[in-house]
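Now for the letters of each chain:
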Amino acid sequence: MASLLDSLERSRLLKDREAARERFNDAEPPHVSLLRLCDAGVLEGGLTVALGVRADELVGPLTLAMGGAARRFKVVDVRERPRFELHILAGETSERWEVEDLWALVHNLNDLYREAPDVRAVAVLGEWNDALQLLCVDKRTLPRLLRERFFEPRNRDGLERMTERR
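Residues numbered from 1 in each chain as written. Predicted model: local features only at pLDDT ≥ 70, side-chain atom pairs only at ≥ 80, totals over all residues. Heavy atoms only, no water.

(A) Structural detail: the sheet that holds strand S6 (residues 131–137). Read from one edge to the other, the open sheet built from 3 strands follows the order S1-S6-S5, with strand pairing classed as antiparallel. Edge positions in the open sheet fall to strand S1 (46–50) and strand S5 (121–128), since each of these has one partner strand only. Averaged over neighbouring strand pairs, the angle between their axes works out to 25° when direction is ignored. Pairing analysis gives 7 bridges linking S5 to S6, with the strands arranged antiparallel. (Pairing = 2+ DSSP bridges. Helix = DSSP H or I, 4+ residues; strand = E, 2+ residues; numbered from the N terminus. Axes fitted to C-alpha atoms, helices over the stretch in contact; angles between N-to-C directions.)

So, in structure tokens, the structure goes:
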């Protein structure tokens, strides 16, 4: 069986194999190692987001990491009461999103750009060191990644639905 680092390298998800090797712990489960590597900043498309960050604060870095058409995503207005709401503009689409947490933002962005081949999908890897670990992956590699044992995203159902539509 190929090692986690080999699999990540084949999937072009490693920025620096040596840096990843220094942080890699062969004794822990692969999905835990993936969280550790994301937190260390050695995964291509990986983002570590402090749990206290608001959705409107994450939009810029996340849409930049998603790439393609997502780079033109705009937040027009933010309302905090009665519920946290973003008024967004994406091309011709203008919507109001209630985003109770970062997971909801990821869900909405994945849904908005599900058909855009140039926009990466966002996988929620989980929490590590009081931060949410996200991984932006090319949609063409998503079906293969979803078959990997180490890849256990918390939003697996949504990611699998994205691959069914392709």
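Structure shown, so let's carry the discussion forward.
(B) Examining the environment of Ser33 more closely. Relative to the elements of secondary structure, Ser33 occurs in helix H3 (residues 30–39). Between the C-alpha atom of Ser33 and that of Arg23, which follows or precedes it by 10 residues, the distance is 8.5 Å. Setting aside anything within four residues of it in sequence, one finds Ser33 in contact with Leu4, Phe24, Asn25 and Glu28. A polar atom in the side chain of Ser33 sits 3.4 Å from the backbone oxygen of Asn25. (Contact = heavy atoms within 4.5 Å. Polar contact = N/O pair within 3.5 Å; in protein donor to acceptor, adjacent residues only side chain to side chain.)

(C) Spotlight on the sheet that holds strand S3 (residues 85–90). Taken in spatial order, the 3 strands line up as S2-S3-S4 in an open sheet, and their pairing is antiparallel. Of all the strands in the sheet, just strand S2 (74–79) and strand S4 (93–98) have a single pairing partner and so form its edges. Taking each pair of neighbouring strands and ignoring which way they run, the sheet shows an average axis angle of 20°. Bridge analysis of S2 against S3 gives 5 bridges, and the strand direction is antiparallel. In the sheet register, Arg79 faces S3, and the bridge partner there is Glu85. Contacts from helix H5 (residues 102–112) reach S3 and S4, with the element oriented near 155° to S4.

(D) Quick look at H3. Regarding H3, the residues found buried are Val32, Ser33, Leu34, Leu35, Leu37 and Cys38. Here the buried face of H3 lies against helix H1 (4–10), helix H2 (17–23), S1, S5 and S6. Looking one or two residues past H3, Gly41 carries a phi angle of roughly 80°, positive in sign. (Buried < 20%, exposed > 50% of the residue type's maximum accessible area, 1.4 Å probe, protein only.)

(E) Molecular detail of H5. Listing the buried residues of H5 in full gives Leu102, Ala104, Leu105, Val106, Asn108, Leu109 and Asn110. Capping the start of H5, Asp101 holds a side-chain oxygen 3.3 Å from the backbone nitrogen of Trp103, two or three residues further along.

(F) Examining the nonpolar core more closely. Ranked by internal contacts, the top residues of the largest apolar core, which has 30 residues, are Leu62, Met66, Leu105, Tyr113 and Leu134. Listed by contribution, the elements that provide at least two residues to this core are S1, helix H4 (55–66), S3, H5, S5 and S6. Those residues in contact with Leu62, other than ones at most four positions away along the chain, are Leu47, Leu105, Val106, Leu109, Val122, Leu134 and Cys136. Residues Leu5, Cys38, Leu142 and Leu146 belong to the second largest nonpolar core, which totals 25 residues. (Core = buried A, V, L, I, M, F, W, Y, C linked by side-chain atoms within 4.5 Å.)

(G) Structural view of the packing of aromatic side chains. Summed over the entire model, instances satisfying the criterion amount to 1 aromatic pair. When the centroid spacing of 5.6 Å and the interplanar angle of 35° are considered together, the rings of Phe73 and Trp97 count as tilted. Here Phe73 is found in the loop between H4 and S2, whereas its partner Trp97 is found in strand S4, with 24 residues between them in sequence. The two residues Phe73 and Trp97 agree in class, both being buried. (Phe/Tyr/Trp six-rings, centres within 6.5 Å; stacked < 30°, edge-to-face > 60°.)

(H) Geometry of the environment of Leu4. For Leu4, the position within the fold is in helix H1. Exposure remark for Leu4: the relative accessible area of 8% places this residue in the buried category. Residues Leu4 and Glu95, 91 residues apart in the sequence, show an inter-C-alpha distance of 40 Å. Not counting chain neighbours up to four residues away, the residues in contact with Leu4 comprise Phe24, Pro30, Ser33, Leu34, Leu37 and Phe150.

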